[in-house]
Every structure is written in structure tokens, then in C-alpha cells.
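What follows is the residue order along each chain.
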Amino acid sequence: MPNEQTSVPLFASGEVLTAQNLNLSAGTGVPVFATTVTRDAAFGGTSEKVLAEGQLCYLSDSNIVQYYTGAAWATVGPATSGALVRVGGGTLSTSTTTFSNVFSSAYNTYLIQGNDITVSASATMRLSISGSGGTTYSSNTINMTYTSATVTGDTYNGSGNFVIGTPQTTNTGFEMVLVSPFLSKATQAFNRMSTNTNCWQSYGVDTNAASSVSCTILMPGAQTFSSGTINIYGYANS
Amino acid sequence: MTRPDTRIIDGETVIDREMTETEHEQFLLAQNEAKAQAKAAADKATARQAVLDRLGITADEAALLLG
């Protein structure tokens, strides 16, 4: 049965549902398969639909939607490869939020992007990576308010975290590039942040060469996150 | 003693729970460090302002002079 329909049926009250009606409905829905192997085995057998152009499916193992071109299966999305692929993220809460299992051998460099971050009181927001539990981080920060040309610099040597900047109680955005957190090497951080009143840049290194799979964003005090969304992306290695 | 809560996000799974002892130690380390750095920054700002007051100029004017 081909997938092209000539109408979108609407059943009237009391109308008999025939096998043909049901086959049209069930056959053009989006079947869910565990793998490409079970997908391929599900078509063309006895009492099974013949695979035809336009067929859709969802694959559980890879979490993707595909369509059949008439000759091969193609992926609709979400993208599983590309220059920048989302590997994790979510909503900030309490004083610390950990993003688990976001760093892997698939990528060497990551973009951590935060938006609409609001905190209960202004303080310096930080980020740590899971492989490093000591004071092996160093950061340099520079910041300016939007009402003065004065540049203020601070250095954080022998710290327990990378310094991101100081979010205000209203919305703040930042983006940090982390280089080689998963590799057994030092990790470098390049960050920029903007609030309603000032802007920050920070550069840092964690000389601990242990591999990290997770990162934690924290407000080191009584401050808590009132809002904030984090998205973490991996940069393609080539 | 009750430890603060933390959020753990792993893929689509979100868990809000009390910090473990190790997590709390790391958090206290960051907290103490932040307090010390905030105090150092405040002391530096106070000292800077004292110099500006003695000179009778603003921070922007001082930046102009030094630039």
C-alpha cells in the first residue's frame, strides 16, 4: 500500500470502521522500532506492508525520525552529527546544578551556553568539571559596567573552579568554550558574559589532567538560581 | 546537619536531592574561596577609593591620567 493519500477521512457518528479504513490509518502512522534491523524486518512479510516511498519510522536506540525515499532510509532529525551537536543541558536550580555525562570521546571542544539566568543575589558564578576535585584551576577575569570605561581585572590562581562572572538578579547570558575536558590533558576555558549592567570576559585553565564527563555550575554562597537554561554542545572534531 | 540541595541532570532525567558529603565539601571550598576573594576585592576597592579621595579625582579621571 503506498503512503500517498488522496483524502484525510473523517468518521461520521455510527459509521462502520472497515479493515481498509484501519489499514490506511495504521499504515500511514509512524511505527516505532528498536533498531534498523527490526525496522527492516517489519516490512514486506506475510500480512505486512510493502515498504514504499514516504514511509516514516522512529528508532528508539538512536532517538531519530526517518523517512524512506523509495531507495533508502534518510534521517529527518534530530541531527546526530554536524558542526555543533547538543549533548546536554537543562534548567538551573538551587545553588549547584550538575550536567552528567556530557563530555565524551566524541568531541574535544564544547560550547556551554546559558541564557535567562537570574539569581537570588549577585555573586560570582563558577563552573567545575568532574575530573578535578582540587584547587588546580586558574582564571583571569576582566569586567566593565556599561556606564564607565574603567576596566577591572581580577585573578583567581589555585582556585577550585573556573570563574564565569557575576550575574545580576535580572537576566544574564554567557557562553563558555571548554577545550579538552574529556581528554587526559589540561582543560582551557574561554568565557564571555553579559548582564543588564555589565560585561565580563574570563580565561582559565585547569591543570588537572584527569578526564571529565560532567560539569557543575554553581553559586558559591547562599545565592540560588531563580531561573536559567543551559545548553551544552560538542564541536565536531573534523 | 542538613546539607543544601543540588540538581543533577543526566539526559532527560532531573534529580533534585541533598548534596553528598563530598559534594558539600567541594561546595564549602568554593564558598570559602569566594568569601576570601570578595573580601580581597572589597579591600582593594576601599584602598583605591581612599587614594582617589586623597587626590580629589574620580575613577574615570584616574583612568584618563593613567591611559
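Reading the values: the criteria
Residues numbered from 1 in each chain as written. Chains lettered and ligands numbered in written order. Predicted model: local features only at pLDDT ≥ 70, side-chain atom pairs only at ≥ 80, totals over all residues. Heavy atoms only, no water. Buried < 20%, exposed > 50% of the residue type's maximum accessible area, 1.4 Å probe, protein only. Helix = DSSP H or I, 4+ residues; strand = E, 2+ residues; numbered from the N terminus. Pairing = 2+ DSSP bridges. Contact = heavy atoms within 4.5 Å. Buried area = accessible area lost by both parts, 1.4 Å probe. Salt bridge = Lys/Arg side-chain N within 4 Å of Asp/Glu carboxyl O. Polar contact = N/O pair within 3.5 Å; in protein donor to acceptor, adjacent residues only side chain to side chain. Core = buried A, V, L, I, M, F, W, Y, C linked by side-chain atoms within 4.5 Å. 1 Å grid on protein atoms, 1.4 Å probe; cavity = no way out; pocket = protein on both sides within 12 Å on 5 of 7 lines; lining within 4 Å. Points joined across faces, edges and corners; volume = space filled by probe spheres on them. Nonpolar A, V, L, I, M, F, W, Y, C, P; charged D, E, K, R; others polar. Phe/Tyr/Trp six-rings, centres within 6.5 Å; stacked < 30°, edge-to-face > 60°.

(A) Molecular detail of the pairing of strand β12 (residues 172-179) of chain A. Residues and elements named next belong to chain A. Residues of β12 alternate between two faces, with Thr-172, Phe-174, Met-176 and Leu-178 buried on one and Gly-173, Glu-175, Val-177 and Val-179 left unburied on the opposite face. Strand direction decides the pairing type here: β12 and strand β13 (residues 187-194), joined by 7 bridges, are antiparallel. Across the sheet, residue Val-177 finds its bridge partner in β13, namely Phe-190.

(B) Fine view of the interface of chain A and chain B. Taken together, the contact pairs 31 residues of chain A with 21 residues of chain B. Here chain A packs against chain B, burying approximately 1,800 Å² in sum over the two surfaces, 46% of which is carbon and sulfur. Considering only the side of chain A, the residues that lose the most area to chain B are Thr96(A), Thr98(A) and Pro220(A), jointly responsible for 22% of the buried surface there. Where chain A packs against chain B, one counts 1 salt bridge. Ionic pairing is found between Arg126(A) and Glu33(B), a salt bridge with its closest N-O pair at 3.0 Å. Across the chain A-chain B interface, the total number found is 14 residue pairs in polar contact (both at pLDDT 80 or more). For the side of chain A that touches chain B, the secondary-structure elements that each account for two or more residues are β5 (84-91), β6 (96-99) and β10 (152-159) of chain A.

(C) Structural context of the nonpolar core. All names here are of chain A. Leu-127, Phe-174 and Ile-217 are the most contacted members of the largest nonpolar core, which totals 30 residues. Contributions of two or more residues to this core are made by β7 (109-119), β8 (125-129), β11 (162-165), β12, β13, β15 (215-218) and β16 (225-235). Ignoring sequence-local partners within four residues, the contact set of Leu-127 consists of Ile-112, Tyr-137, Asn-161, Phe-162, Ile-164, Met-176, Leu-178, Cys-215, Thr-216, Ile-217 and Leu-218. Phe-33, Ile-64, Tyr-68 and Trp-73 belong to the second largest nonpolar core, which has 7 residues in total.

(D) Empty space enclosed by the protein, seen in detail. All names here are of chain A. For the structure shown, the criterion picks out 1 cavity of 30 Å³ or more. One number sums up the size of the largest cavity: a volume of about 30 Å³. Contributing to the lining of the largest cavity are Ser-139, Phe-162, Val-163, Met-176, Ala-189, Phe-190, Asn-191, Ser-202, Tyr-203 and Gly-204. Secondary structure elements with two or more residues in the lining of the largest cavity: β11, β13 and β14 (198-206). Across the lining of the largest cavity, the residue classes tally to 6 nonpolar, 4 polar and no charged.

(E) Region of interest: the layout of surface pockets. Quantified by volume, the largest pocket comes out at close to 690 Å³. Lining the largest pocket are 29 residues, and of these Thr124(A), Asp154(A), Tyr156(A), Trp200(A) and Ala41(B) sit closest to its centre. For the lining of the largest pocket, the secondary structure elements donating two or more residues are β9 (137-145), β10 and β14 of chain A together with α1 (21-55) of chain B. Examining the composition of the lining of the largest pocket, we find that 10 residues originate from one element, α1(B), more than from any other. Split by residue class, the lining of the largest pocket holds 10 nonpolar, 14 polar and 5 charged.

(F) Structural detail: the packing of aromatic side chains. Residue and element names in this part refer to chain A. Per the counting criterion, the structure on display carries 7 aromatic pairs over all chains. Aromatic pair Tyr-107 and Tyr-110: ring centres 6.1 Å apart, planes at 80°, arrangement edge-to-face. The class of Tyr-107 is buried, set by a relative accessible area of 12%. By relative accessible area, which is 0% here, Tyr-110 ends up buried. One aromatic cluster in this structure is built from Phe-33, Phe-43, Tyr-68 and Trp-73.

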